[in-house]
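Listed below, chain by chain, are the residues.
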Amino acid sequence: MIEAHRLALFREVAHRGSFAQAAQALRLTPSAVSQQMAALERAARTRLFERSTRGVTLTVAGRALLRTADAVHGELHRAERALARLREEGPPSLTVATFSSAGAFLLAPALAALNQDLHVDTTVIESEPAQALAALMDGSADVALVYHFNSEQPPAGWDHVAGRCEYHPLLRDELRLVVPIGHALARRSTARLDAVADDPWIHGWDLPGNALDALASAQGLRPKVVCRSSDFRFMQALVAAGVGIAFIPALAVEEGEGTRALTVVPTAKRYIGAYTAPGTAANLATRALLTALKERTAVLRDR
């Protein structure tokens, strides 16, 4: 049998990349950590580490065991929080990891509706999908709001991170072309992507930026990028100032006096969903939040 305390030590070594750093973090001696890892390898009957003077790296078996170690760590963290809630006998609590546009336009209205019927002590962590899933897996979040492009199903590469978490699809969110009020296209409702090929672009980072890059490349376009930002409100302010045009997910579009948002052809679709930690979808607070999120999604679809 693999002992739980050795699994916890193994996880620390794996994430820090050396026995010495893990020992320092855990206030143990490097020798004690090394002995425990040797005992773990004997119990597993296979090598888990490749050792060198620069530290350790995981073998194939080690990487497989790390997925289990991360899952066990997350389950224990959630169990500790659940026991603490029972001891305190206070209101239910919930920690949600979310990206900013879903936080502003989806999560916040859902929480407002939720708290009318059920008071929940809520903690919100702003994070992009990769960090949100990591928070879910290490037990520091109960729900993770995420987004991805191109397919309604989450990327296959998320399987090894999300583990046994449950995915709940929420919203399909198309990109919109946001132009200044004085732009030649501002009076239209729809525009073709190649019609703005020569415009200066205010471009996003990470997944939104990558999706637009792929879309432009497929059309043979090489846009002139004058700014990159992850703040959609800032991007729209620059559009209003006449700096350039921007592609903004419909959820985050805030048309003002200085901008207009158009449907663009072809476009990219962003899919928004929620992951719940293993075994938490039936919890009262989590279940109530999922219901409120789906009700808010229905309102957004009808806009």
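Reading the values: the criteria
- Residues numbered from 1 in each chain as written.
- Predicted model: local features only at pLDDT ≥ 70, side-chain atom pairs only at ≥ 80, totals over all residues.
- Heavy atoms only, no water.
- Helix = DSSP H or I, 4+ residues; strand = E, 2+ residues; numbered from the N terminus.
- Buried < 20%, exposed > 50% of the residue type's maximum accessible area, 1.4 Å probe, protein only.
- Contact = heavy atoms within 4.5 Å.
- Pairing = 2+ DSSP bridges.
- Polar contact = N/O pair within 3.5 Å; in protein donor to acceptor, adjacent residues only side chain to side chain.
- Axes fitted to C-alpha atoms, helices over the stretch in contact; angles between N-to-C directions.
- Parallel < 35°, antiparallel > 145°, perpendicular 65-115°, else oblique.
- Left-handed = near helix turned anticlockwise from the far one by under 90°.
- Nonpolar A, V, L, I, M, F, W, Y, C, P; charged D, E, K, R; others polar.
- Expected span 1.5 Å × (residues − 1).
- Arc of directions from axis to C-beta.
- Salt bridge = Lys/Arg side-chain N within 4 Å of Asp/Glu carboxyl O.
- Phe/Tyr/Trp six-rings, centres within 6.5 Å; stacked < 30°, edge-to-face > 60°.

**Q** Before we move on, can you summarise the environment of L300 with the specific residues and values?
**A** With respect to the element layout, L300 can be found in helix α10 (residues 284-301). Overall, L300 belongs to the buried group, its relative accessible area being 9%. With 168 residues separating them in the primary sequence, L300 and A132 have C-alpha atoms 23 Å apart. Setting aside its immediate chain neighbours within four residues, L300 contacts F105, L106, L171 and L251.

**Q** Tell me about unusual backbone geometry, residues and numbers included.
**A** If a residue is not glycine, its phi is most likely negative; likewise, a peptide bond is most likely trans. P266 follows V265 through a cis peptide bond whose omega is -10°. Position of P266 among the secondary structure elements: in the loop between β11 (259-265) and β12 (269-276). With a phi close to 60°, R27 is a non-glycine residue in the positive phi region. On the secondary structure map, R27 appears in the loop between α2 (19-26) and α3 (30-44). The backbone of D206 shows a phi angle near 55°, a positive value even though the residue is not glycine. For D206, the position within the fold is in helix α8 (residues 206-218).

**Q** So what about the pairing of β11? Which residues, and what values?
**A** Of the pairings in the sheet, the one linking strand β6 (residues 166-180) to β11 comprises five bridges and is antiparallel in character. Across the sheet, L177 pairs through a bridge with L262, a residue of β11.

**Q** Hey, could you go over the side chain of H203 for me, with residue numbers and the actual values?
**A** Along the chain, H203 falls in strand β8 (residues 200-204). Since its relative accessible area comes to 1%, H203 is described here as buried. Engagement of the side chain of H203 in a polar contact is seen with the side chain of D213, the distance being 2.7 Å. Ignoring anything within four residues of it in the chain, the contact list for H203 reads G209, L212, D213, V225, C227, R228, S229 and M235.

**Q** Before we move on, can you summarise the packing of α2 against α3 with the specific residues and values?
**A** Any two packed helices are characterised by the angle at which their axes cross and by the distance between the axes. Contact geometry of α2 with α3 gives a least axis separation of 8 Å together with a crossing angle of 110°. As judged from the angle between their axes, α2 and α3 are roughly perpendicular. Handedness of the crossing formed by α2 with α3: right-handed. Counting all contacts with α2, which are made through F19, A20 and A23, the residues of α3 involved are P30, V33, S34 and M37. A class-by-class count of the residues in the contact of α2 with α3 yields six nonpolar, one polar and no charged.

**Q** An account of α8 is needed here, citing residue identities and associated values.
**A** In this model, α8 (13 residues) spans 18 Å end to end at C-alpha, consistent with the 18 Å of a helix rising 1.5 Å per residue. Restricting attention to buried positions, one finds in α8 the residues P208, G209, A211, L212, L215 and A216. Axial view of α8: buried residues confined to an arc of 160°, hence all on one face. The exposed set on the far side of α8, more than 90 degrees from its buried face, consists of S217 and A218. Close packing links the buried residues of α8 with β5 (143-149), β8, α9 (232-240) and β10 (245-249). Looking one or two places after α8, you find G220, whose phi comes out positive at around 75°.

**Q** Requested: an account of the pattern of salt bridges, with residues and values cited.
**A** Close approach of charged atoms allows side chains with opposite charge to pair. For the structure on display, the rule yields nine salt bridges. Residue D70 pairs with R11 through a salt bridge whose shortest N-O separation is 2.8 Å. Of the two residues, D70 is situated in helix α4 (residues 60-88) and R11 in helix α1 (residues 4-16); the sequence distance between them amounts to 59 residues. Residue D70 shares its accessibility class with R11, and that shared class is buried. Residues R233 and E254 are paired through a salt bridge, measuring 2.9 Å at the closest nitrogen-oxygen approach.

**Q** Can you lay out α3 for me, pointing to particular residues and giving the numbers?
**A** The terminal C-alpha atoms of α3, which comprises 15 residues, lie 21 Å apart, in line with the 21 Å expected from a rise of 1.5 Å per residue. Along α3, the positions that sit buried rather than exposed are V33, M37, A39, L40 and E41. Phi turns positive one or two residues past the end of α3, at R45, with a value near 60°.

**Q** Help me get a handle on the packing of aromatic side chains, residues and values and all.
**A** Within this structure, the stated rule accounts for seven aromatic pairs. Ring geometry for F99 and Y147: centres 4.6 Å apart, planes at 65°, overall edge-to-face. With F99 in the loop between β3 (93-98) and α5 (100-117) and Y147 in strand β5, this residue pair connects regions lying 48 residues apart in the sequence. In this structure, F99 and Y147 share a single accessibility class: buried.

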